[in-house]
Amino acid sequence: TLHTILAVETGSFAMYGKKLREEWIGDDITIYSPLYAASEGLIGVNPGIDAKTYILHPKSMFYEFIPIEESEANDGKDTDDETEILFIEQLEVGKTYEIIITNLTGLYRYRFGDVVR
């Protein structure tokens with residue numbers, strides 16, 4: 001019997017997980033979404049089969065963070081000298097941040113647009 005489906009079920013793919021549950025599998029079968037990734041590369045991994053909690057993978061990208069209050073004040077525009085940018089060790093548990101990613105070769109750096117806690 002089928003007990004787990006390996007698929008992406010977060011972000012824009014959440015609607016497909018919902019449809020799959022409603023029309024085919026119900027709530028008895030787990031949909032495991034193991035990766036938090038984008039075309040730019042791997043961002044994080046999900047260590048729990050029953051959760052949608054991702055741990056950032058610091059060896060795949062270089063991460064910087066903008067406190068969400070700063071992010072909203074900038075309205076998604078490019079950062080300027082006034083924007084507070086934090087490194088991963090400066091984050092506080094329970095607060096929300098917008099991610100800035102830089103690939104490991106340093107070829108590009110940009111505001112990814114995702115918000116994490």
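Everything below is about the structure shown above.
Residues numbered from 1 in each chain as written. Predicted model: local features only at pLDDT ≥ 70, side-chain atom pairs only at ≥ 80, totals over all residues. Heavy atoms only, no water.

Here's the deal with the pairing of strand 8 (residues 109–116)
Looking at chain direction, strand 7 (residues 97–103) and strand 8 are connected through five bridges and run antiparallel. Bridge pairing in strand 8 links Ile101 to Tyr110. (Pairing = 2+ DSSP bridges. Helix = DSSP H or I, 4+ residues; strand = E, 2+ residues; numbered from the N terminus.)

With respect to the pattern of salt bridges
Evaluation of the coordinates by the stated rule reveals eight salt bridges. Residues Arg109 and Glu64 are paired through a salt bridge, measuring 2.7 Å at the closest nitrogen-oxygen approach. With Arg109 in strand 8 and Glu64 in strand 6 (residues 61–67), this pair connects stretches of sequence that are 45 residues apart. Judged by relative accessible area, which is 45%, Arg109 ranks as partly exposed. Put simply, Glu92 and Lys95 hold a salt bridge, and the shortest N to O gap is 3.4 Å. (Salt bridge = Lys/Arg side-chain N within 4 Å of Asp/Glu carboxyl O. Buried < 20%, exposed > 50% of the residue type's maximum accessible area, 1.4 Å probe, protein only.)

Description of a nonpolar patch on the surface
Together, Val8, Phe13, Met15 and Tyr16 make up an exposed nonpolar region whose accessible area comes to about 420 Å². Counting through the fold element by element, Met15 comes out in helix 1 (residues 14–25). Under the relative-accessibility criterion, Met15 is labelled exposed at 52%. (Patch = residues over 30% accessible without salt bridge, like charges linked within 9 Å, V, L, I, M, F, W, Y side chains within 5 Å. Areas by Shrake-Rupley, 256 points an atom, 1.4 Å probe, with all protein chains shown as cover.)

Here's the deal with the side chain of Thr102
One can find Thr102 in strand 7. Apart from the residues lying within four places of it in its own chain, the contact partners of Thr102 are Met61, Phe62, Glu64, Tyr108 and Arg109. (Contact = heavy atoms within 4.5 Å.)

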